[in-house]
Amino acid sequence: MAHVTFVARSMDGLILVETWDDSNKVSSSLKNQAKQLLGKMQNMPPKCSVDCAGNQVFHYAVENGIVYMALYDHSYPKNLAFAFLDDIHKLFQEELKREFGTGSVDYRSHIETIEKPYYFIKFDRQITKKKMEYRDPNSSKALQKLNDSLNDVQSIMTKANNKRLVFVGQLLRPSCRICDYNIDDGSTLYAIEMPGSR
(Lines give C-alpha, C1' and ligand atoms only; values in the text may rest on other atoms or scores of the structure.)
Protein backbone atom coordinates (compact mmCIF):
# COMPACT_ATOMS: atom_id res chain seq x y z
CA MET A 1 0.00 0.00 0.00
CA ALA A 2 1.12 3.55 -0.66
CA HIS A 3 2.48 5.23 2.46
CA VAL A 4 2.09 8.67 0.92
CA THR A 5 0.50 9.80 -2.33
CA PHE A 6 1.05 13.13 -4.07
CA VAL A 7 -0.69 14.86 -6.92
CA ALA A 8 1.40 17.86 -7.95
CA ARG A 9 2.06 20.26 -10.79
CA SER A 10 5.02 19.03 -12.85
CA MET A 11 6.46 22.41 -13.85
CA ASP A 12 7.33 23.47 -10.28
CA GLY A 13 6.23 20.68 -7.92
CA LEU A 14 3.34 22.62 -6.36
CA ILE A 15 1.47 20.01 -4.31
CA LEU A 16 -2.21 19.97 -5.22
CA VAL A 17 -3.08 17.19 -2.76
CA GLU A 18 -1.22 14.67 -0.62
CA THR A 19 -2.43 11.73 1.40
CA TRP A 20 -0.56 10.00 4.22
CA ASP A 21 -1.32 6.61 5.71
CA ASP A 22 -1.90 6.21 9.43
CA SER A 23 1.16 4.08 10.18
CA ASN A 24 3.61 7.02 10.15
CA LYS A 25 6.34 5.04 8.33
CA VAL A 26 7.51 8.16 6.53
CA SER A 27 10.44 10.01 8.04
CA SER A 28 11.01 13.74 7.67
CA SER A 29 13.99 13.04 5.38
CA LEU A 30 11.70 11.07 3.03
CA LYS A 31 9.21 13.94 3.09
CA ASN A 32 12.01 16.33 2.08
CA GLN A 33 13.20 13.93 -0.62
CA ALA A 34 9.66 13.75 -2.01
CA LYS A 35 9.39 17.53 -2.20
CA GLN A 36 12.79 17.80 -3.89
CA LEU A 37 11.82 15.11 -6.38
CA LEU A 38 8.52 16.86 -7.17
CA GLY A 39 10.45 20.08 -7.83
CA LYS A 40 12.66 18.37 -10.44
CA MET A 41 9.96 16.67 -12.51
CA GLN A 42 10.51 18.81 -15.60
CA ASN A 43 13.86 17.10 -16.16
CA MET A 44 12.70 13.56 -15.36
CA PRO A 45 11.25 10.78 -17.55
CA PRO A 46 7.42 10.65 -17.65
CA LYS A 47 7.24 7.35 -15.74
CA CYS A 48 9.85 6.12 -13.32
CA SER A 49 10.75 4.57 -9.97
CA VAL A 50 13.23 6.24 -7.63
CA ASP A 51 14.86 4.26 -4.81
CA CYS A 52 15.11 5.88 -1.40
CA ALA A 53 16.68 5.01 1.92
CA GLY A 54 14.94 2.57 4.19
CA ASN A 55 13.98 -0.09 1.63
CA GLN A 56 11.37 2.15 0.02
CA VAL A 57 10.75 3.49 -3.47
CA PHE A 58 8.87 6.39 -5.05
CA HIS A 59 6.89 5.44 -8.16
CA TYR A 60 5.57 8.29 -10.27
CA ALA A 61 3.87 9.04 -13.57
CA VAL A 62 3.53 12.42 -15.27
CA GLU A 63 0.42 13.06 -17.38
CA ASN A 64 -0.57 16.40 -18.94
CA GLY A 65 1.54 18.50 -16.60
CA ILE A 66 0.48 16.66 -13.44
CA VAL A 67 2.63 14.30 -11.36
CA TYR A 68 1.07 11.31 -9.61
CA MET A 69 3.60 9.95 -7.12
CA ALA A 70 3.43 7.45 -4.27
CA LEU A 71 5.88 5.93 -1.77
CA TYR A 72 5.92 2.15 -1.40
CA ASP A 73 7.97 -0.56 0.26
CA HIS A 74 10.30 -2.29 -2.22
CA SER A 75 8.36 -5.52 -1.74
CA TYR A 76 5.15 -4.03 -3.17
CA PRO A 77 4.59 -5.09 -6.83
CA LYS A 78 5.68 -2.35 -9.22
CA ASN A 79 2.92 -3.09 -11.75
CA LEU A 80 0.30 -2.75 -9.03
CA ALA A 81 1.83 0.55 -7.88
CA PHE A 82 1.58 1.96 -11.39
CA ALA A 83 -1.98 0.62 -11.74
CA PHE A 84 -2.82 2.58 -8.56
CA LEU A 85 -1.26 5.74 -10.02
CA ASP A 86 -3.23 5.22 -13.23
CA ASP A 87 -6.45 4.93 -11.22
CA ILE A 88 -5.58 8.13 -9.34
CA HIS A 89 -4.95 9.84 -12.68
CA LYS A 90 -8.41 8.80 -13.94
CA LEU A 91 -10.09 9.94 -10.73
CA PHE A 92 -8.25 13.26 -10.84
CA GLN A 93 -9.41 13.84 -14.42
CA GLU A 94 -12.97 13.49 -13.15
CA GLU A 95 -12.18 15.92 -10.33
CA LEU A 96 -10.87 18.44 -12.88
CA LYS A 97 -14.12 18.13 -14.83
CA ARG A 98 -16.12 18.83 -11.68
CA GLU A 99 -13.93 21.78 -10.75
CA PHE A 100 -13.47 23.46 -14.13
CA GLY A 101 -16.31 22.07 -16.24
CA THR A 102 -16.37 19.87 -19.31
CA GLY A 103 -16.24 20.52 -23.02
CA SER A 104 -13.30 22.25 -24.62
CA VAL A 105 -11.64 23.15 -21.32
CA ASP A 106 -7.85 23.22 -21.19
CA TYR A 107 -7.24 21.73 -17.74
CA ARG A 108 -3.48 22.17 -17.98
CA SER A 109 -3.79 25.95 -18.25
CA HIS A 110 -6.09 25.95 -15.22
CA ILE A 111 -3.59 23.87 -13.25
CA GLU A 112 -0.74 26.19 -14.27
CA THR A 113 -2.58 29.24 -12.86
CA ILE A 114 -3.20 27.76 -9.40
CA GLU A 115 -1.23 29.74 -6.85
CA LYS A 116 -1.92 28.08 -3.51
CA PRO A 117 -0.81 24.57 -2.53
CA TYR A 118 -3.36 21.89 -1.59
CA TYR A 119 -5.96 23.38 -3.91
CA PHE A 120 -7.56 19.95 -4.33
CA ILE A 121 -7.41 18.89 -0.66
CA LYS A 122 -10.96 17.47 -0.93
CA PHE A 123 -9.61 14.92 -3.41
CA ASP A 124 -7.79 13.32 -0.46
CA ARG A 125 -10.90 11.25 0.37
CA GLN A 126 -10.97 9.65 -3.07
CA ILE A 127 -7.28 8.76 -2.88
CA THR A 128 -7.83 7.19 0.54
CA LYS A 129 -10.71 5.08 -0.78
CA LYS A 130 -8.64 3.93 -3.75
CA LYS A 131 -5.70 3.08 -1.47
CA MET A 132 -7.91 0.61 0.38
CA GLU A 133 -8.41 -1.35 -2.85
CA TYR A 134 -4.63 -1.70 -3.16
CA ARG A 135 -3.87 -2.38 0.52
CA ASP A 136 -3.17 -6.09 0.05
CA PRO A 137 -1.26 -6.90 -3.16
CA ASN A 138 -2.44 -10.53 -2.93
CA SER A 139 -6.15 -9.73 -2.71
CA SER A 140 -8.41 -10.90 -5.51
CA LYS A 141 -9.24 -7.28 -6.42
CA ALA A 142 -5.56 -6.36 -6.77
CA LEU A 143 -4.82 -9.48 -8.77
CA GLN A 144 -7.78 -8.71 -11.04
CA LYS A 145 -6.37 -5.23 -11.69
CA LEU A 146 -3.02 -6.76 -12.64
CA ASN A 147 -4.77 -9.24 -14.90
CA ASP A 148 -6.76 -6.44 -16.57
CA SER A 149 -3.54 -4.51 -17.12
CA LEU A 150 -1.89 -7.55 -18.71
CA ASN A 151 -4.95 -8.14 -20.91
CA ASP A 152 -4.79 -4.52 -22.11
CA VAL A 153 -1.12 -4.93 -23.04
CA GLN A 154 -1.83 -8.23 -24.79
CA SER A 155 -4.69 -6.67 -26.76
CA ILE A 156 -2.48 -3.79 -27.89
CA MET A 157 0.32 -6.14 -28.90
CA THR A 158 -2.06 -8.45 -30.81
CA LYS A 159 -3.53 -5.55 -32.77
CA ALA A 160 -0.08 -4.14 -33.54
CA ASN A 161 1.24 -7.52 -34.66
CA ASN A 162 -1.78 -8.20 -36.87
CA LYS A 163 -1.45 -4.82 -38.58
CA ARG A 164 2.25 -5.45 -39.07
CA LEU A 165 1.56 -8.85 -40.63
CA VAL A 166 -0.89 -7.32 -43.09
CA PHE A 167 1.63 -4.57 -43.90
CA VAL A 168 4.42 -7.09 -44.50
CA GLY A 169 2.04 -9.08 -46.68
CA GLN A 170 1.39 -6.02 -48.78
CA LEU A 171 5.13 -5.40 -49.09
CA LEU A 172 5.61 -8.96 -50.33
CA ARG A 173 2.94 -8.64 -53.03
CA PRO A 174 5.38 -7.89 -55.90
CA SER A 175 7.48 -10.94 -55.01
CA CYS A 176 4.41 -13.16 -54.81
CA ARG A 177 3.34 -12.29 -58.35
CA ILE A 178 6.36 -14.18 -59.53
CA CYS A 179 5.36 -17.34 -57.66
CA ASP A 180 1.64 -17.01 -58.53
CA TYR A 181 0.34 -16.64 -54.96
CA ASN A 182 -2.24 -14.04 -53.95
CA ILE A 183 -0.80 -12.74 -50.67
CA ASP A 184 -3.54 -10.10 -50.28
CA ASP A 185 -6.17 -12.80 -49.88
CA GLY A 186 -3.96 -14.71 -47.45
CA SER A 187 -3.05 -11.73 -45.28
CA THR A 188 -6.59 -10.34 -45.20
CA LEU A 189 -7.95 -13.75 -44.31
CA TYR A 190 -5.40 -14.00 -41.49
CA ALA A 191 -6.35 -10.55 -40.16
CA ILE A 192 -10.04 -11.45 -40.15
CA GLU A 193 -9.50 -14.76 -38.37
CA MET A 194 -7.21 -13.41 -35.62
CA PRO A 195 -8.97 -12.37 -32.38
CA GLY A 196 -8.68 -8.68 -31.59
CA SER A 197 -7.61 -7.75 -35.11
CA ARG A 198 -10.30 -5.14 -35.52
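Above this text sits the structure in question.
All figures in this text were calculated on a predicted structure; none of them were measured in a lab.

A. Region of the structure containing the overall build of the protein chain. Within the protein chain, the secondary structure is distributed over six helices and five strands. The burial tally for the protein chain puts 38% of its 198 residues in the buried class. Expressed as a percentage of contacts within the protein chain between residues at least 6 apart in sequence, the contacts between residues at least 24 apart total 56%. Accessible area for the protein chain stands at about 11900 Å²; split by element, carbon and sulfur atoms hold 51% of it.

B. Geometry of the environment of Tyr107. Structurally, Tyr107 can be placed in helix α3 (residues 107-113). C-alpha of Tyr107 to C-alpha of Asn64: the two residues are 43 residues apart in sequence and 8.6 Å apart in space. With residues near it in sequence (within four places) discarded, Tyr107 still touches Gln93, Leu96, Lys97, Phe100, Gly101 and Thr102.

C. Focus on the packing of helix α2 (residues 78-100) against helix α4 (residues 124-133). Interaxial distance between α2 and α4 falls to 10 Å at its minimum, and their mutual angle equals 155°. On the basis of their axis angle, the class for α2 and α4 is roughly antiparallel. Seen along the crossing, α2 lies across α4 with a hand that is right-handed. Of the residues in α4, those in contact with Phe84, Asp87, Ile88, Leu91, Glu95 and Arg98 of α2 are Gln126, Ile127, Lys130 and Lys131. Tallied by class, residues from the contact of α2 with α4 come to four nonpolar, one polar and five charged.

D. Up close: the sheet that holds strand β4 (residues 56-63). On the basis of which strands lie adjacent, the open sheet formed by five strands has the order β2-β1-β5-β4-β3 and antiparallel pairing. Either end of the sheet is taken by a strand with one partner, and the two such strands are β2 (15-20) and β3 (47-52). Geometrically, the sheet is characterised by an average inter-axis angle of 15° between neighbouring strands, direction not taken into account. Strand direction decides the pairing type here: β3 and β4, joined by six bridges, are antiparallel. Bridging across to β4, Cys48 finds its partner in Tyr60.

E. A look at helix α1 (residues 28-39). Look at α1: 17 Å from first C-alpha to last across 12 residues, which is about the 16 Å you get at 1.5 Å a residue. Those residues of α1 that sit buried are Leu30, Ala34, Leu37 and Leu38. Projected down its long axis, α1 shows its buried positions confined to an angular sector of 100°, all on one face. Turned more than 90 degrees away from the buried face of α1 sit Ser28 and Gln36, all of them exposed.

Each value, and the rule that gives it
- Residues numbered from 1 in each chain as written.
- Predicted model: local features only at pLDDT ≥ 70, side-chain atom pairs only at ≥ 80, totals over all residues.
- Heavy atoms only, no water.
- Helix = DSSP H or I, 4+ residues; strand = E, 2+ residues; numbered from the N terminus.
- Buried < 20%, exposed > 50% of the residue type's maximum accessible area, 1.4 Å probe, protein only.
- Contact = heavy atoms within 4.5 Å.
- Areas by Shrake-Rupley, 256 points an atom, 1.4 Å probe, with all protein chains shown as cover.
- Axes fitted to C-alpha atoms, helices over the stretch in contact; angles between N-to-C directions.
- Parallel < 35°, antiparallel > 145°, perpendicular 65-115°, else oblique.
- Left-handed = near helix turned anticlockwise from the far one by under 90°.
- Nonpolar A, V, L, I, M, F, W, Y, C, P; charged D, E, K, R; others polar.
- Pairing = 2+ DSSP bridges.
- Expected span 1.5 Å × (residues − 1).
- Arc of directions from axis to C-beta.

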